[in-house]
Amino acid sequence: MIFERSLQRELAYTAGAVFLVLLTIMLSTMMIRIVGFAASGEIDPRDVVVLIGLTIVGYLAVMLVVTMFVSILFVLTRWYRDSEMVVWFASGVSHTRLIKPVAKFATPLIILIAFFAFVGWPWSNEQSKLVRERFAQRDEVSLLAPGQFRESPATHRVFFIEKMSPDSKYVQNVFVTGTENGKINVVVSSKGKVETEKNGDRFVVLENGRRYDGVPGQPDYRIMEFQRYGVRIESHDIIDTPGPRDLMTPTLLADPNKGNLGELAWRIGLPLVAINLMLLAIPLAHQTPRRSRTTNLVMAVLIYLTYSNLLNLMQSWIEQGRVPFVIGLVSLHVVVSVIVIVLFKLRERNRPLFPKLRTLVAPGGGQ
C-alpha cells in the first residue's frame, strides 16, 4: 500500500507539471494564431481572449491524454533508473500489479477526457463559430478603422478613412471603391456622417467629394462632383450550417449519417486511446542502464502521433463510407490492445521488445 500510494502521489505531481507545460505551449500557439486572425480582420480583436479560452476547452481532452501517457512513462522510467522497480519486483510483484495503482491515478483523467470529448469539444466549436459569425455579420460601418483599408464581406467594397469620431458617426477624408456592372467606381470625400432613415436603412452620407466611374484601361472615365452622396450600409447575412464538429453528441446519435458517425467514432475513440496508452506505458517504461532517458520520451511522442493519426484516418474512412462504423470504431483499438497484451507477456518473461537491436548494442555484439 505504501508503494502504491507513493506511485500515485508522484504520478499526480508529474501530471500537474506536464499539463502546465502543455497548457503553456497551447496558449502560446493559439495566441499567435488567433492574434494573427485579429490582425488580418477575420475576427474581432475584443474576442481574442474568448476564442483562446474556447480553443483550450476544445483541446483539453487531447491534452489530458498526452498528460496521462507522458506522466506514467516518466515516473516509471525514473523508478527503473533509480532501482525502485527492483524493490517492487523483489517483493514478488509482477508488471501486471502496476495496473491497479496506475489505473487509480488515470481513472479521473479518463472521466475528464470523456467529458471534454463528448461535451467540451462540440460546445467550444459551437461557441467559437457563433463568435466568428457575429463578427462576420457586422455592418460596413463597424468595418471602418482609421488609417486602414477594409473590405466589406457583403458588397466587396473597399473603404478607407483617415479619421473617425469617437462615436463612429462622423468620418473625414473618405475613400470608397467598388464594382458595378463591370465598371469600377471610386468615391472620395472630405467628410461624411452616418444617417438612419425611417425604414431602418442606414447610409454613410459623404459631403463635398467626387465619384469616378469607368473600365480599367479605357479612357472614357466619368467624373462627377457632389455635395451629398449616400452609400447604403449593407450587412452580411450568413446561413448557419453546423458541421459534425459543432453538434452535441445526442444530435450525432439522432442523425447517424456518415459525417456524424465519423465524428462520433473520433469522440468515442479518445477515451479508448487514453485507456490503451495508460496500459501501454507500463511495459514501455522498462529502462536499462545503457539507454538514455530521452529514448522513452521520443517513443512516447512517436506512439501518440501514430495512434492519433490512425484515429483521424479511421474517422475519415467512416465519413467517406470506406469502412463500416463499428469496424472503424473498434478495429484500431483492438489492434493496440493486442499489442499491449503482447508487450506485457514479453515483460513477464523478461524478453526484450527488440531482440536484434539488443544484440547489436550489447558489449561485443557487433564483433
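Predicted model only: the values in this text are computed from it and were never measured.

**Student:** Provide a residue-level description of empty space enclosed by the protein, including the pertinent values.
**Tutor:** To locate leftover empty space, one rolls a probe as large as a water molecule over the atoms. Tallying each qualifying case throughout the model produces 2 cavities of 30 Å³ or more. Volume-wise, the second largest cavity comes out at about 30 Å³. The wall of the second largest cavity is formed by Ala 265, Leu 311, Met 314, Gly 328, Leu 329, Leu 332 and His 333. Counting only elements with at least two residues in the lining of the second largest cavity, the list comes to helix H8 (294-320) and helix H9 (325-348). In the lining of the second largest cavity, the residues fall into 5 nonpolar, 2 polar and no charged.

**Student:** Give a detailed account of the side chain of Ser 128, specifying residues and quantitative values.
**Tutor:** Its location among the elements puts Ser 128 in helix H5 (residues 99-136). When neighbours within four sequence positions are excluded, Ser 128 is seen to be in contact with Leu 51 and Leu 54.

**Student:** Go over helix H7 (residues 258-284) with me, naming the residues and quoting the values.
**Tutor:** With 27 residues, H7 ought to run about 39 Å at 1.5 Å a step, and its terminal C-alpha atoms sit 36 Å apart, in line with that. Gly 269 marks the point of greatest bend in H7, at about 30°, and the proline Pro 271 comes within the next four residues. The N-cap residue of H7 is Asn 257: its side-chain oxygen and the backbone nitrogen of Gly 259 are 3.2 Å apart.

**Student:** Which residues make up a nonpolar patch on the surface, and what values do they have?
**Tutor:** A cluster of nonpolar side chains, namely Val 326, Val 330, Val 334, Val 338 and Val 342, defines an oily patch on the protein surface of about 390 Å² accessible area. Within the fold, Val 342 resides in helix H9. Residue Val 342 is classed as partly exposed on the basis of its relative accessible area, which comes to 43%.

**Student:** Tell me about the environment of Arg 222, and name the residues and values.
**Tutor:** Inspection of the secondary structure puts Arg 222 in strand E6 (residues 222-232). Considering only alpha carbons, one finds Arg 222 and Asn 185, 37 residues apart in sequence, at a separation of 9.3 Å. In this structure Arg 222 touches Arg 211, Tyr 212 and Asp 213, once residues within four positions along its chain are discounted.

**Student:** Can you break down the packing of helix H3 (residues 60-81) against H7 residue by residue, with the values?
**Tutor:** Running from N to C, H3 and H7 cross one another at 5°; their axes reach a closest spacing of 8 Å. As summarised for this structure, H3 and H7 are arranged roughly parallel, according to the angle between their axes. Contacts between H3 and H7 involve Ala 61, Val 62, Val 65, Met 68, Phe 69, Ile 72, Leu 73 and Leu 76 on the former and, on the latter, Trp 266, Leu 270, Val 273, Ala 274, Leu 277, Met 278, Ala 281, Ile 282 and Leu 284. Counted by class, the contact of H3 with H7 contains 17 nonpolar, no polar and no charged residues.

Parameters and conventions
- By convention here, each chain's residues receive numbers from 1 onward along its written sequence.
- In keeping with the predicted nature of the model, local features appear solely for residues at pLDDT of at least 70, side-chain atom pairs appear and are counted solely at 80 or more, and the whole-chain, interface and lining totals rest on all residues.
- Based on all heavy atoms of the structure, the side-chain values leave hydrogens and waters out of the count.
- Both cavities and pockets are sets of points on a 1 Å grid over the protein atoms alone; in a cavity a 1.4 Å probe fits but cannot get out, in a pocket the set is open with protein on both sides within 12 Å along at least five of seven lines, and lining residues sit with an atom within 4 Å of a point.
- Grid points are joined across faces, edges and corners, and a volume is the space filled by probe spheres set on the points.
- Strands here mean DSSP runs of E at least two residues long; helices mean DSSP runs of H or I at least four residues long; both are numbered from the N terminus.
- All amino acids are sorted into three groups, where Ala, Val, Leu, Ile, Met, Phe, Trp, Tyr, Cys and Pro are nonpolar, Asp, Glu, Lys and Arg are charged, and the leftover types, Gly among them, are polar.
- The criterion used for residue contact is that any of the two residues' heavy atoms lie within 4.5 Å.
- Residue count minus one, scaled by 1.5 Å, sets the expected span of a helix.
- The angle separating two fitted axes, one through the seven residues that finish at a residue and one through the seven that start at it, defines the bend at that residue.
- Two N or O atoms form a polar contact when they lie within 3.5 Å of each other; inside protein one atom must be a possible hydrogen donor and the other a possible acceptor, and for residues adjacent in sequence the pair counts only when both atoms belong to side chains.
- Like-charged residues within 9 Å of one another, or nonpolar side chains (Val, Leu, Ile, Met, Phe, Trp, Tyr) within 5 Å, are grouped into patches, provided each residue has over 30% relative accessible area and no salt bridge.
- For accessible areas, the Shrake-Rupley method is used with a probe of radius 1.4 Å. Any residue's cover is judged against the shown protein chains and nothing else.
- The term salt bridge refers to a side-chain nitrogen of Lys or Arg lying within 4 Å of a carboxyl oxygen of Asp or Glu.
- Buried residues are those whose accessible area, probed at 1.4 Å on protein chains only, stays under 20% of the maximum for their type, while exposed residues exceed 50% and partly exposed ones sit between those limits.
- Think of each axis as a best-fit line through the C-alpha atoms, taken over the contacting stretch in the case of a helix, with angles from 0 to 180 degrees between the N-to-C directions.
- In these notes the angle categories are as follows: under 35 degrees is roughly parallel, over 145 is roughly antiparallel, 65 to 115 is roughly perpendicular, and the rest is oblique.

Spatial relationships are all this shows, so hold off on functional conclusions.
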